Amino acid sequence: MWYHKPAINEELLQSLPNLKVVASSGVGIDHLDLTLLSSYGVKVSNTPFIVSTDTADMGMALLLASSRRLVEGHEMAVSPDTEYFPADWLGVEVSGATLGIVGMGTIGYKVAERAKAFEMKILYHNRNQRKKEEENAVGAVYCKKIDDLLQQSDFVLLAVNLTPQTRKLIGKRELELMKPTTTLINISRGLVVDQDALVEALQNKVIKAAALDVTYPEPLPRDHPLLKLKNVIITPHIGSATKKTRWVMMEEMAESIEAGLGGLPIPREVL
């Protein structure tokens, strides 16, 4: 499966009685009905680890681009109407700012490693607290309640899997808990954020800005209000989109398929 295609539904499963394994690209499995697949005796694999480094890089890239207003700055620099660069055109500091990471799995932790190099203060919220030595290595402080993280952070970065529990995890209430100077960064899944609430929060300056590698749907309708806001950066779900990573993803998917067809243990099987 690539970009969630083909759709694995009951009709397809019934038409493929000898299907043994579904190899899905990327880390997310929210597009798969694991119970249905299991009922047909079909095993599932994904490629969770190879994407983590590039996706963490993308998270930091979005954070930096938004804070320093790189997209707006580029447009100003190349515009035929620009006669001078205004002295009061300013971004916000990254070094010394507080980064709140929601979801401290492999990707979230790699973001924390990068943020430490920028001398950021790091808070995180996760289902389970990391080991003390892991926290100390990046200077991260655990927030058992997500509200505490939202209230304190200058940047909130989402790196959670999409599950029934995380669907629209960030809504109107959560956005209103953030500081009016906060930037929201999403490198997880679009549905983790209530987009209608986000549009309202950005328009009304409840938060400062958003930088999104994911939306719903993808791409957004061309008249969607998010596309018209100056304080939003949107990229086309390219967290893992580097040549090396995509090549390795393909290799890992092929390994899983070969193992499944040969009756061998499947690398990176989703259980």
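Not measured: the values here are computed from a predicted model. (Residues numbered from 1 in each chain as written. Predicted model: local features only at pLDDT ≥ 70, side-chain atom pairs only at ≥ 80, totals over all residues. Heavy atoms only, no water.)

S.K.: It is not clear to me how the pattern of salt bridges should be interpreted in this structure. Could you clarify?
M.R.: A side chain with one charge may pair with a side chain of the opposite charge, provided their charged atoms come close. Per the stated rule, a full pass over the model turns up 13 salt bridges. A salt bridge links Arg130 to Glu134; the nearest nitrogen and oxygen atoms lie 3.4 Å apart. Residue Glu134 is classed as partly exposed on the basis of its relative accessible area, which comes to 24%. In this structure, Lys172 and Glu176 form a salt bridge, with 3.0 Å as the shortest nitrogen-oxygen distance. Of this pair, Lys172 and Glu176 both sit in helix H8 (residues 172-177), four residues apart, which is roughly one turn of the helix. On the accessibility criterion, Glu176 (48% relative accessible area) is partly exposed. Each of Asp147, Arg173 and Glu174 takes part in one network of salt bridges that share partners. (Salt bridge = Lys/Arg side-chain N within 4 Å of Asp/Glu carboxyl O. Buried < 20%, exposed > 50% of the residue type's maximum accessible area, 1.4 Å probe, protein only. Helix = DSSP H or I, 4+ residues; strand = E, 2+ residues; numbered from the N terminus.)

S.K.: Just checking my understanding: could you explain the UniProt feature "domain: D-isomer specific 2-hydroxyacid dehydrogenase catalytic" (unreviewed entry) in the protein for this structure?
M.R.: Following the UniProt record, the feature "domain: D-isomer specific 2-hydroxyacid dehydrogenase catalytic" (unreviewed entry) maps to residues 2-270 here. Here residues 2-270 runs as 36% helix and 13% strand, with 16 Å between its end C-alpha atoms. (UniProt positions renumbered as here; feature names shortened; annotations may be inferred.)

S.K.: Please clarify how the sheet that holds strand S6 (residues 155-158) should be interpreted in this entry.
M.R.: Sheets are built from strands paired through backbone hydrogen bonds, the pairs being either parallel or antiparallel. Taken in spatial order, the seven strands make up an open sheet running S5-S4-S3-S6-S7-S8-S9, and their pairing is parallel. Whereas interior strands pair on both sides, the edge strands pair on one side only; in this sheet they are strand S5 (140-142) and strand S9 (232-234). The average undirected angle you get between the axes of adjacent strands in this sheet is 15°. Pairing analysis gives four bridges linking S6 to strand S7 (residues 183-186), with the strands arranged parallel. Residue pairing for S7: Val156 is matched across the bridge by Leu184. (Pairing = 2+ DSSP bridges. Axes fitted to C-alpha atoms, helices over the stretch in contact; angles between N-to-C directions.)

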